[in-house]
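# Results of the structural survey
So you can see what is in the structure, the chains are spelled out below.
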Amino acid sequence: MKKKLARREFLKLGALSAAGLAAGLTASNAHAEPVAVNPAKVKWDATADIVVIGTGLAGLVSAIEANDAGAKVLIIEKAPKEFEGGNSRISGNLWLCNNDLEKSYAYYKAMDVGHTEDDIVKWVAAETMKTNAYLTKFGVKPLRFSARAFAPEHPQLPGADSIEMYADNGTIGQAAMWSKIRKAAEDRKIKVMYETPALELMQAPSREIIGVLAESGGKKIKIKAAKAVILACGGFEFNEDMNKQMIPGRQLFKGTVYNTGDGLRMAQYAGAQMWHNHVYLGQYDTIECKGMKYPAVLRPKGDNYLWLNKKAVRFMNEKRPARHGFGHREYAIWFDGLTGEFTNLPCYAIFSAESGNKKMTYEGKVHAWGHYADYKWSDDNSAEVAKGWLYRDDTIEGLAKQLGLDPAKAKASVDAYNKMCAAGTDTEFGRDAKSLKPVAKAPFTAALLWPGSYNTFGGPKKNTKAQALDPFGKPIPRLYVVGELGSYYGFMYNGGGNLTECLFGGWTAGPHAAKLKSWG
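Here, residues in each chain are numbered from 1, in the same order as that chain's written sequence. With pLDDT at 70 or above as the cut-off, local features in this predicted model cover only qualifying residues; side-chain atom pairs require 80 or more to be listed or tallied, and sums for whole chains, interfaces and linings still use all residues. Hydrogen atoms and water are omitted, and side-chain values are computed over all heavy atoms in the structure.

### Looking at helix α13 (residues 497-514)
Helix and strand definitions here come from DSSP, where helices need a minimum of 4 consecutive H or I residues and strands a minimum of 2 consecutive E residues; each element is numbered from the N-terminal end. Given a helix with a known number of residues, its expected span is that number minus one, times 1.5 Å. Between its first and last C-alpha atoms α13 spans 26 Å; for 18 residues at 1.5 Å apiece the expected length is 26 Å, and the two agree. Accessible area is worked out with a 1.4 Å probe on protein chains only. A residue is then buried under 20% of its type maximum, exposed over 50%, and partly exposed in between. Most of α13 sits out of view: 16 of its 18 residues are buried.

### A look at the sheet that holds strand β3 (residues 94-96)
On the basis of which strands lie adjacent, the open sheet formed by three strands has the order β3-β5-β4 and antiparallel pairing. The strands lining the two open edges of the sheet, one partner per strand, are β3 and β4 (142-144). The sheet shows a mean angle of 40° between the axes of neighbouring strands, direction not considered. A pair of strands counts as paired when DSSP detects no fewer than two bridges linking them. Bridge count between β4 and strand β5 (residues 165-168): three bridges; the pairing is antiparallel. Every axis corresponds to a line fitted to the C-alpha atoms, with the helix fit spanning only the stretch in contact, and the corresponding angles, defined between N-to-C directions, vary from 0 to 180 degrees.

### Quick word on the packing of helix α3 (residues 101-112) against helix α4 (residues 118-128)
The interhelical angle for the contact between α3 and α4, taken along N-to-C directions, is 130°, at an axis separation of 9 Å. Here α3 is positioned oblique relative to α4, judged by the angle of their axes. α3 and α4 meet at a crossing whose hand is right-handed. Contacts between α3 and α4 involve Leu101, Glu102, Ser104, Tyr105, Tyr108, Lys109 and Asp112 from the former and Asp118, Val121, Lys122, Ala125, Ala126 and Thr128 from the latter. The class makeup of the residues in the contact of α3 with α4 is six nonpolar, two polar and five charged. Should an angle lie under 35 degrees it is considered roughly parallel, over 145 roughly antiparallel, and from 65 to 115 roughly perpendicular; all remaining angles are considered oblique. Handedness of a crossing is defined here by the sense of rotation of the near helix relative to the far one, left-handed for an anticlockwise turn of less than a right angle and right-handed for a clockwise turn. Note on definitions: a residue-residue contact is assigned when non-hydrogen atoms from the two residues lie within 4.5 Å. Gly counts as polar in this scheme, as do all residues outside two lists: the nonpolar Ala, Val, Leu, Ile, Met, Phe, Trp, Tyr, Cys and Pro, and the charged Asp, Glu, Lys and Arg.

### A closer look at the packing of aromatic side chains
Ring pairs are drawn from Phe, Tyr and Trp, using the six-membered ring of Trp, whenever the two centres fall within 6.5 Å, and their geometry is named by plane angle: stacked under 30 degrees, edge-to-face over 60, tilted for the rest. Overall, the coordinates contain 18 aromatic pairs when judged by the stated rule. Arranged with centres 5.9 Å apart and planes meeting at 40°, the rings of Tyr488 and Phe504 form a pair that is tilted. Taken together, the residues span a long stretch of sequence, with Tyr488 in the loop between β23 (475-481) and α13 and Phe504 in helix α13 at a distance of 16 residues. Each of the two residues, Tyr488 as well as Phe504, counts as buried. Ring pairs connect the aromatic residues Trp123, Tyr134, Phe138, Trp275, Tyr488, Phe504 and Trp507, which therefore count as one cluster. Two conditions define a charge located above a ring, namely a distance within 6 Å from the ring centre to NZ of Lys or CZ of Arg, and an angle within 35 degrees of the ring normal. Lying over the aromatic face of Tyr454, Lys254 brings its terminal NZ or CZ to 4.9 Å of the ring centre. Here Lys462 stacks its cationic end above the ring of Tyr488, 4.8 Å away from the centre of that ring.

### Examining the environment of Val212
Considering the arrangement of structural elements, one finds Val212 in strand β8 (residues 209-216). Between the C-alpha atoms of Val212 and Lys222, which are ten residues apart in sequence, the distance is 5.9 Å. Leave out the neighbours within four places in its chain, and Val212 touches Val51, Ile53, Ile76, Ala198, Glu200, Leu201, Met202, Ile221, Lys222, Ile223 and Val229.

### Things to note about empty space enclosed by the protein
Definitions used throughout: a 1 Å grid over protein atoms alone; a cavity as a set of points that fits a 1.4 Å probe which cannot get out; a pocket as an open set with protein on both sides within 12 Å along at least five of seven lines; a lining residue as one with an atom within 4 Å of a point. Grid points are joined across faces, edges and corners, and a volume is the space filled by probe spheres set on the points. A complete count under the given rule lists four cavities of 30 Å³ or more for this structure. Volume-wise, the largest cavity comes out at about 80 Å³. Considering the residues around the largest cavity, the lining is formed by Tyr108, Met111, Asp112, Thr116, Val121, Val124, Tyr488, Tyr489, Gly490, Phe491 and Met492. A total of three residues in the lining of the largest cavity trace back to one element, the largest contributor, which is α3.

### Details of the pairing of strand β20 (residues 444-453)
Burial within β20 is extensive, with nine of its ten residues counted as buried. Strand direction decides the pairing type here: strand β10 (residues 252-253) and β20, joined by two bridges, are parallel. Among the inter-strand pairings, Leu252 is bridged to a residue of β20, identified as Gly452. Direction of pairing for strand β12 (residues 283-287) relative to β20: antiparallel, over a ladder of three bridges. Directly across from Thr286, in β20, lies its bridge partner Trp450. In terms of strand pairing, strand β17 (residues 347-351) meets β20 through five bridges, oriented antiparallel. When the sheet's bridge partners are listed, Cys347 is paired in β20 with Leu449. Where strand β19 (residues 391-393) and β20 come together, three bridges link them in antiparallel fashion. Each bridged residue has a counterpart across the sheet, and for Asp393 the counterpart in β20 is Phe444.

### Overview of the packing of α4 against α13
Here α4 crosses α13 at 95°, and the two axes come no closer than 10 Å. By the angle class used here, α4 and α13 are roughly perpendicular. Taking contact as the criterion, the partners of Trp123, Val124, Glu127 and Thr128 in α4 are, on α13, Thr500, Phe504, Trp507 and Thr508. Of the residues that constitute the contact of α4 with α13, the class distribution is four nonpolar, three polar and one charged.

Remember, this is a structural readout, not a statement about activity or role.
Set out below in structure tokens:
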């Protein structure tokens with residue numbers, strides 16, 4: 001790497017690699033003219049040693065560690081202050097801490113199924129073991145969930161007994177852990193520029209990243225990053241075009257709406273290699289809500305329900321544990337090549353009145369932890385039926401017609417299910433006898449269920465120093481990537497893992513970037 005940049009014109013972001021843009025990831029904000037032409041004449045609107053993009057856990061930890069290593073740090077955030085924090089803030093605020101390196105390495109390797117290099121998988125396992133000790137310096141009190149789900153989430157895999165999950169003093173959600181990290185950044189007086197979306201990375205002829213073109217107050221501004229830029233701006237959950245290209249079928253997202261794939265576009269345009277774009281974690285629990293910006297989580301009370309697919313037949317055990325998508329995902333993406341459709345997308349949940357399920361819960365505002373859009377679900381679901389979110393009829397055949405299903409087939413499927421309930425045995429999919437409750441009492445209510453998830457995993461490939469890599473596996477100078485953007489998890493996933501990688505990604509990228517010599 002050059003110690004000083006040549007005093008020549010800048011290249012527009014990614015001009016060296018523009019030909020390598022993948023389908024579906026073209027930059028909508030690309031410019032025809034260079035971002036800057038001559039470094040000696042560039043008028044910087046703001047300067048810092050390190051520019052961090054994003055106020056999620058990964059961005060905050062990166063900023064804190066870079067600051068503590070002596071660097072001047074500036075954070076820019078796309079969202080208004082009231083919505084800062086990304087998915088980290090609105091998550092369950094749970095994390096992992098392994099108790100044995102070799103066992104946890106075996107577990108992570110089994111989850112990865114060969115999608116990620118072994119040295120990276122082992123590094124992830126090793127770093128995860130440090131999380132509890134690291135968090136205590138911020139006043140976080142790790143309390144293990146010894147009898148909760150996700151610890152481990154995949155007990156059948158080798159090394160599973162080494163996986164432990166924690167929360168701050170046992171508190172789920174409420175931004176419990178994130179808030180303490182945010183306060184630590186505030187105590188260090190690290191500046192945050194809100195409502196300042198990053199548009200492009202500014203890149204020199206040497207390929208070094210030397211700044212960010214952003215927008216603030218309706219104007220484009222140039223922010224100098226004398227040492228590095230750290231991308232911590234989340235995934236592409238709310239970018240429909242990217243979803244169409246990288247997620248089989250369709251699923252709905254319920255995380256922060258400010259995650260629109262900006263980091264993928266910027267990094268790819270700068271020449272970064274992409275990885276893990278195929279990973280997502282949907283489970284059947286989400287419905288679209290006409291007139292609302294966000295989907296709703298639908299989790300019924302009681303057991304008097306079944307699921308039908310587009311052919312009006314049951315296709316799985318409705319009570320099978322989802323395990324962050326593995327349990328329901330494989331059914332959701334099943335594609336019928338003969339009919340040319342995703343037969344199980346959406347699936348049709350049919351409920352009956354005898355369950356006592358008068359209220360189907362819309363958990364929180366975007367999701368179970370409660371943020372953004374308030375909505376109070378009606379006690380008898382009538383308001384949601386009137387809105388067109390749910391469907392209702394006094395007969396199964398009438399309900400099927402509303403859903404566009406074959407009425408006779410739907411009735412036959414429900415009747416067959418009810419017979420199994422009476423016999424106490426699910427001969428089709430092995431649903432537990434205790435949960436086999438009939439769907440027989442009118443009125444019948446239905447919902448179109450889609451796989452729902454909070455985040456994506458794809459993005460720039462990175463090494464064990466959190467450096468973004470080009471298509472040849474070489475680090476792009478002065479560019480780091482942390483958090484769910486280019487997640488280290490390559491296939492299966494254990495709950496709590498995303499916040500864990502935010503932590504170790506941040507404590508890796510921040511100090512490493514701070515040690516770099518300024519380009520000018």
